[in-house]
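# Chains, contacts and geometry: an overview
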Amino acid sequence: MLEATTVVTPARFEQGLSYADFLAQAKVNRDKFEKFYNDPALTDDDIAFFKKVAVLPGGPAKILALAEDWCGDVYRELPTVVRIAEATGAELRVFRRDENPDIMDEYLSNNGKSRAIPVFVFYTKDHRYITHFLERSAGAHKELAAAIAEISAKLGLPPGTTYATVPDASRPTFVQELIAKITPRFAAWRKEAIREMRTLHSTALHSPNHA
Amino acid sequence: MHQNPAKAVPIVYTIRGCDACMKLLRKWDAEGVPYDERRVELSQDVLDEARKYGSLVPIVVWPDGTVQQGFGDSLGCFI
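To keep things clear, this report deals only with the structure shown in the data block. (Residues numbered from 1 in each chain as written. Chains lettered and ligands numbered in written order. Predicted model: local features only at pLDDT ≥ 70, side-chain atom pairs only at ≥ 80, totals over all residues.)

### Description of the overall build of chain B
Along its length, chain B carries two helices and six strands. Against the compact-globule benchmark of 12 Å for 79 residues, chain B has a radius of gyration of 11 Å, which places it among compact chains. With respect to the three principal axes, the spread of C-alpha positions in chain B is 30 × 30 × 20 Å. Looking at chain B as a whole, 37% of its 79 residues qualify as buried. (Helix = DSSP H or I, 4+ residues; strand = E, 2+ residues; numbered from the N terminus. Rg over C-alpha atoms; globule rule 2.2 N^0.38 Å. Buried ≥ 20, exposed ≤ 12 C-beta atoms within 10 Å, placed from the backbone.)

### Brief notes about the sheet that holds strand β3 (residues 119–123) of chain A
Residues and elements named next belong to chain A. Taken in spatial order, the four strands make up an open sheet running β2-β1-β3-β4, and their pairing is mixed. With partners counted over all chains shown, the strands left at the sheet margins are β2 (91–96) and β4 (129–134), one partner each. On average, adjacent strands in this sheet sit at an angle of 15° to one another, irrespective of strand direction. Looking at chain direction, strand β1 (residues 62–67) and β2 are connected through six bridges and run parallel. Following the sheet pairing, L66 is matched in β2 by F95. Running at roughly 165° to β1, helix α5 (residues 72–88) makes contact with β1, β2 and β3 of the sheet. (Pairing = 2+ DSSP bridges. Axes fitted to C-alpha atoms, helices over the stretch in contact; angles between N-to-C directions. Contact = placed C-beta atoms within 7 Å.)

### Observations regarding the environment of S114(A)
Tracing the backbone through its elements, the reader meets S114(A) in the loop between α6 (101–104) and β3. The spacing of S114(A) and L200(A) is 86 residues in sequence and 21 Å in space, taken between C-alpha atoms. Once you skip the residues sitting within four places of it in the chain, S114(A) turns out to touch L108(A), S109(A) and S74(B).

### A short note on helix α1 (residues 19–31) of chain B
Residues and elements named next belong to chain B. The end-to-end C-alpha distance of α1, which contains 13 residues, comes to 18 Å, matching closely the 18 Å that a straight helix rising 1.5 Å per residue would cover. The complete set of buried residues in α1 reads A20, C21 and L24. Considered in projection along α1, the buried side chains sweep an arc of 105° and stay on one side of the axis. Facing away from the buried side of α1 by over 90 degrees, the exposed positions are R26, D29 and A30. On its buried side, α1 packs onto β1 (11–14) and β3 (56–57). G32 lies just past α1 and shows a positive phi near 75°. (Expected span 1.5 Å × (residues − 1). Arc of directions from axis to C-beta.)

### Here we look at the interface of chain B and chain A
Residue-level contacts link 19 residues of chain B with 16 residues of chain A. Elements with a contribution of two residues or more to the side of chain B that touches chain A: α2 (44–51), β5 (67–69) and β6 (77–78) of chain B. Classifying every residue of the side of chain B that touches chain A gives nine nonpolar, eight polar and two charged. (Nonpolar A, V, L, I, M, F, W, Y, C, P; charged D, E, K, R; others polar.)

### Quick word on the pairing of β1(A)
Residues and elements named next belong to chain A. Of all the six residues making up β1, six are buried; the element is thus mostly covered by neighbouring parts of the structure. Along β1, one buried face is formed by K62, L64 and L66 and the opposite face, lined by I63, A65 and A67, is buried too. Where the polypeptide runs from β1 across α5 and back to β2, its parallel neighbour, the crossover connection is right-handed. (Right-handed = clockwise from strand over helix to strand, strands pointing away.)

### Some thoughts on the packing of helix α4 (residues 44–54) of chain A against α5(A)
All names here are of chain A. Axis separation between α4 and α5 bottoms out at 9 Å; the angle between their running directions is 55°. One way to sum up the angle between α4 and α5 is to call them oblique. Along this stretch, α4 crosses α5, giving a crossing that reads as right-handed. Between α4, through I47, F50, K51 and A54, and α5, the contact on the second element is made entirely by I84, A87 and T88. Of the residues belonging to the contact of α4 with α5, the class tally is five nonpolar, one polar and one charged. (Parallel < 35°, antiparallel > 145°, perpendicular 65-115°, else oblique. Left-handed = near helix turned anticlockwise from the far one by under 90°.)

These results come straight from atomic positions and should not be treated as a statement about function.
Right, here's the structure in full:
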């Protein structure tokens, strides 16, 4: 994201919600946020890594989260980033996606068609962009694609079928099978997300991916 | 199988920020399909009710008890 064109100025960043305020305003899923906060997928090594990069020159000191309380991916992933912020002293600001479409527009996925959340954007103390994480890890997307291919084959659909091209008649069964296949993977995907955030920081900051 | 005999219209659990949900509602509106929309993002009780039927909105509960999850070419939103 080019700093010169982003709508997230330092002043705008400060307008974001604290996590406590985000939770206080949440209409749903407070129990889920609490559950995942209390069951962080972060290892001690993960925490040590993020503490290490936080003190590097140009390391992360501010984190922007685009979120909505109704989103399953958000209540699974945002508490992880809250833990990272708490451990490193980074300032976390949460922006509701649907109240901040201009910020969301900077992080669209699926060739600009999807407003997938969560989005986590990491900045230096002086508000220079470092890196960002979008919705799910690449590993999770790969598993999702593999699950779609496997279910397509099982239902006798043509190779190369995507979620978008599943015939209407097969869609209900397809969706049920897909949910059954990927839901048990959510816990592993949380760890994948942390791995990816480590890699993103390691690459952006030219720092080895170890604590 | 849960029955929905009180109204002969589908119940649809939605999130207004979910693109798949909005596509379904726009389609039904265009076709004049009546429905009973229940917005899960507004109430924990409605969200809990929706979770009895599935985990991916839009969730449609047809009058005969048939349940469908998701809609159209995008995956929908996990709740």
